[in-house]
Amino acid sequence: MKLRMGMVGGGEGSFIGTVHRMAAELDGTIQLVAGAFSSDEKRSIRSGTEMYGLVPNRCYNNYKEMLLRESQLPADQRIDFVTVVTPNHLHHPVAVLALESGFHVVCDKPATFTLPEALDLKVRIDQAERIFALTHNYTGYPMIREARHLVQIGALGKLRRINVEYIQGWLADRLEVLGNKQAEWRTDPSRSGTAGCIGDIGTHAFQLAEFTTNQKVEWLSSDLSTFVPARRLDDDGNILLRFEGGPKGVLCASQIAVGVENNLSIRLYGELGGVEWSQLEPNSLVVRWNDRPFEVRRTGGPGVHEPAVEATRLPAGHPEGFLEAFAVLYKNFARAVRQCASGTAIGNCEQDFPTIEDGIRGMAFIEAAVASSQQNSKWTKLTTE
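Just so it is clear, the structure is predicted and the values come from calculations on it, not from any experiment.

Rules used in this analysis
- Residues numbered from 1 in each chain as written.
- Predicted model: local features only at pLDDT ≥ 70, side-chain atom pairs only at ≥ 80, totals over all residues.
- Heavy atoms only, no water.
- Core = buried A, V, L, I, M, F, W, Y, C linked by side-chain atoms within 4.5 Å.
- Buried < 20%, exposed > 50% of the residue type's maximum accessible area, 1.4 Å probe, protein only.
- Helix = DSSP H or I, 4+ residues; strand = E, 2+ residues; numbered from the N terminus.
- Contact = heavy atoms within 4.5 Å.
- Pairing = 2+ DSSP bridges.

Caption draft 1: Structural detail: the nonpolar core. Judged by nonpolar contacts, the single largest core of 76 residues is most densely connected at Val82, Ile239, Leu251, Trp277 and Phe365. The biggest single contributor to this core is helix α12 (residues 356-374), with 9 residues. Excluding residues that lie within four positions of it along the chain, Ile239 makes contacts with Ile198, Leu220, Ser221, Ser222, Leu224, Gly249, Val250, Leu251, Phe365 and Ala369. The next biggest cluster of nonpolar side chains, apart from the first, holds 29 residues, and it includes Tyr52, Ala133, Phe333 and Ala334.

Caption draft 2: Layout of the pairing of strand β8 (residues 236-243). Bridge analysis of strand β7 (residues 217-225) against β8 gives 8 bridges, and the strand direction is antiparallel. For Asp223, the partnering residue across the bridge sits in β8 and is Asn238. For β8 and strand β9 (residues 248-254), the ladder comprises 7 bridges, and the chain directions are antiparallel. The partner of Ile239 across the bridge, within β9, is Leu251. Between β8 and the antiparallel strand that follows it, β9, lie 4 residues; Gly245 among them carries a positive phi value of about 90 degrees.

Caption draft 3: Spatial organisation of the side chain of Thr203. Assignment of secondary structure puts Thr203 in helix α9 (residues 197-213). By relative accessible area, Thr203 is classed as buried at 2%. Once you skip the residues sitting within four places of it in the chain, Thr203 turns out to touch Lys109, His136, Ile198, Gly362, Phe365 and Ile366.

Caption draft 4: Quick peek at the environment of Arg335. Tracing the sequence through the fold places Arg335 in helix α11 (residues 322-341). With near-sequence residues (within four places) excluded, Arg335 lies in contact with Glu310, Glu350 and Asp352.

Caption draft 5: Layout of unusual backbone geometry. With an omega of -15 degrees, the peptide bond running from Lys109 to Pro110 counts as cis. Here Pro110 lies in the loop between β4 (104-107) and α5 (115-128). The phi dihedral of Ala230 is positive, around 75 degrees, even though this residue is not glycine. Relative to the assigned elements, Ala230 resides in the loop between β7 and β8. You can call Ala230 exposed: its relative accessible area is 56%.

Pasting the structure below:
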């Protein structure tokens, strides 16, 4: 039996809603059956029926109506979980009501609008005893799993340097005044939060660095910029990082790099070796050594370790990319939900995906980066309190 998914947000004008739907349904374990796809009632119904092909009575005017009516359906018909793909300011209220209505939650990043909201959400998740996943989907790439494993087994030795970048150019012009819905809310502090670029893609880079290295950022020095005139939030940032245990690094994020696509990359260098990965060539991981030629490990190829194999679907040479990596998170989330339904305690479910703890770290990163930049790049401690 497939898990039944309800979506909040993701209607007309949103690209991420269809991405979530495709990723969730890729492995045949989940099916989108209901949703409240827009704050505009007519657009919500139209999106549900025309974009997603749902029956009209499972397309709701708003998320409150959806959660109320779905919770009243028989157990074998109601949704099993809610995916939240709204602008950031709605993440907390939608997730909280979903939890209170008895549903598990998948939420787009960043987890919430502010750090206090993220901390509050963790309390509510624990009280509700529900599964919560945060879609930092880049952690699902097989070669990211391979890089993480090499760090964990000590193959690279003690880490020294961590470089992570997320560079793109789609906001090089002021699209927010040209009718671009995504640009409108992502550059609006009342809906996006205190950060623009750093909150939108910088959090992905930050979380990928902590995930791959299994080390936490302790201090940062941030220089955020707004290059496009009259824009209200940052569109570029450079941040120095100090990790617990000694490694140092640099995080760069930009949405004004003209002509650049979604160029997410990470490079780790230890005492014995290093690894380099780029989303523009996601099926390859370059592994460098002091005492022998470098290697290029490939998704599905020989010599990769079990964590990478587990995230791989196809034989070597068949490209796997963004959707497949995204689907890894949904597949693992579905497994955890099924374990929970069978009586396994939440703490014992296999939660191999980013959780609210990652969300709290991400919000602390955003707040520390903004505070540091406002104080002339003052070194600022990243705190989750």
